[in-house]
Amino acid sequence: MNISTYAAIDIGSNAVRLLINNIYETTDSVTFNKASLVRVPIRLGQDVFTDGKISEHSKERLAQAMQAYKLLMDIYNVQKFRAFATSAMRESQNATDVIDYVKNVSGIEIEVISGEEEAEIIFSSELKNYIESNEFYLFIDVGGGSTEISLLNKGKVINSQSFPIGTVRLLDGKVNEEYLFETIKPWVKNITRDLSVEAVGSGGNINYIFKNSEKKEGKSLTVSYLVNQYKILKELTYNERIEKYNMKPDRADVIVPALLIYSSVMKFANAKQIFVPKIGAADGMINLMYKRSKEKK
C-alpha cells in the first residue's frame, strides 16, 4: 500500500478551512481518509462587501491562521497542498497586498480562483456520483459571497452560473432578497423547464442542517423541511440560536439567509428534495491534485 498526505486550504468569504487527507493506494482502490479539518471564522467578506477591501485586522488574522496551518501541515508531513481564495478575495481592492503579506509571514502562496474554477474543484469531489447519474440534478453551493448553481446530467454540466449573492452579502445588506426573484428565479426556471430535477447541496450551512436533521447519510431533506427550519430559526434571536441549538457564533447569523437561498432555488426548480453529500471545495481540491499528479506520471 502506498500512503500519501495532501492538504487544501479553502479561504472563503465566511471562514478559512484546512483539510488534511491521507490517501491510501492499493492495486485495486484509492481511499481518501480525513486526518484533520480545522476551521477559523475570519469572515473576509464582511470587510470586502462593506468597504471594498480586507482590513488590516483581518489581514493579520489570515496571516496568523496560515502560520498555524503551515505548522499543522508540517506536523502531518503533508507532501502537497494548495491554498485558494474565492469571492471575497476576488473582489478585494487590496488582494495583491494581502496575498504578498501572507506569503512573507507564512510561506503559503494563495491562489485566487474564478467562480468557474470553484465549480470545477467541487465537481472533483464525490459530486461525480450525481453528475454521472441519468437523472437531472441541480447543484446548489451557497457561500458567504456567492452562490453557484449548476444543472448536471450524465457526467456533464449542462449549464452553470455563479451569482453574487451569499450569506454574508445578504446579512450586510449588499444584496437584497429581491435578487433571488428578479435574477436567479428566471434563470433557474429557464434551465429546468420541462425537467424533473432533484437538488444537491454543498456548503457549511446545508451540512449543518443535514447533520442536525439526524437523517442517515445518503438520505435527502425535503424543501418543506428547509422552509420550516427557516421559519423556526428566523423567529429566534441570534443569541437564542446559539443557546438553543448550540450553534457556533459565526453560524448563528448566516444560517437564516443560507436556508432562504437553498429553499428558494429549490422552489424555482420545483425540486422536492435535496441530497447533502459530504462534499466541499477543500475535498474537491485534494481530489483534483491527486488526479493531476497521476496524469503527469
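Because the structure is a prediction, the values reported are computed rather than measured.

1. Examining the confidence of the model for the protein
So, point 1. On average, the protein scores 92 in pLDDT, and the residues at 70 or more come to 97%.
So, point 2. When pLDDT is averaged over each helix and strand of the protein, the minimum, 64, is found for helix α6 (residues 128-131) and the maximum, 98, for helix α13 (residues 255-268).

2. Notes on the pattern of salt bridges
So, point 1. Enumeration over the complete set of coordinates arrives at 9 salt bridges.
So, point 2. Between Arg 39 and Asp 250 there is a salt bridge whose closest N-O contact spans 2.7 Å. Placement of the pair is Arg 39 in strand β3 (residues 30-40) and Asp 250 in helix α12 (residues 249-252), with a sequence separation of 211 residues.
So, point 3. By relative accessible area, which is 21% here, Arg 39 ends up partly exposed.
So, point 4. With a closest N to O distance of 3.2 Å, Asp 97 and Lys 59 form a salt bridge.

3. What to know about the environment of Asn 205
So, point 1. Within the element layout of this structure, Asn 205 appears in helix α9 (residues 204-213).
So, point 2. Residues Asn 205 and Val 168 lie 37 residues apart in sequence; the distance between their C-alpha atoms is 12 Å.
So, point 3. A polar atom in the side chain of Asn 205 sits 3.1 Å from the side chain of Arg 251.

4. A few points about the packing of aromatic side chains
So, point 1. Evaluation of the coordinates by the stated rule reveals 4 aromatic pairs.
So, point 2. Ring plane angle 85 degrees and centroid distance 5.5 Å describe the contact between Phe 32 and Tyr 290, whose orientation is recorded as edge-to-face. Placement of Phe 32 in strand β3 and of Tyr 290 in helix α14 (residues 281-295) is noted, with a sequence separation of 258 residues between them.
So, point 3. Look at Phe 163 and Trp 187: their rings are 5.3 Å apart centre to centre, the planes differ by 75 degrees, and that puts the pair in the edge-to-face class. Pair noted here: Phe 163 is in strand β8 (residues 156-163) and Trp 187 is in helix α8 (residues 178-191), with a separation of 24 residues, a long-range link.
So, point 4. Geometry around Tyr 101 places Lys 59 over its ring, the cationic atom sitting 4.6 Å from the centre.
So, point 5. Lying across the ring of Phe 49, Arg 169 places its NZ or CZ 3.9 Å from the centre.

Thresholds applied
- Residues numbered from 1 in each chain as written.
- Predicted model: local features only at pLDDT ≥ 70, side-chain atom pairs only at ≥ 80, totals over all residues.
- Heavy atoms only, no water.
- pLDDT = per-residue confidence, 0-100.
- Helix = DSSP H or I, 4+ residues; strand = E, 2+ residues; numbered from the N terminus.
- Salt bridge = Lys/Arg side-chain N within 4 Å of Asp/Glu carboxyl O.
- Buried < 20%, exposed > 50% of the residue type's maximum accessible area, 1.4 Å probe, protein only.
- Polar contact = N/O pair within 3.5 Å; in protein donor to acceptor, adjacent residues only side chain to side chain.
- Phe/Tyr/Trp six-rings, centres within 6.5 Å; stacked < 30°, edge-to-face > 60°.
- Lys NZ or Arg CZ within 6 Å of the ring centre and 35° of its normal.

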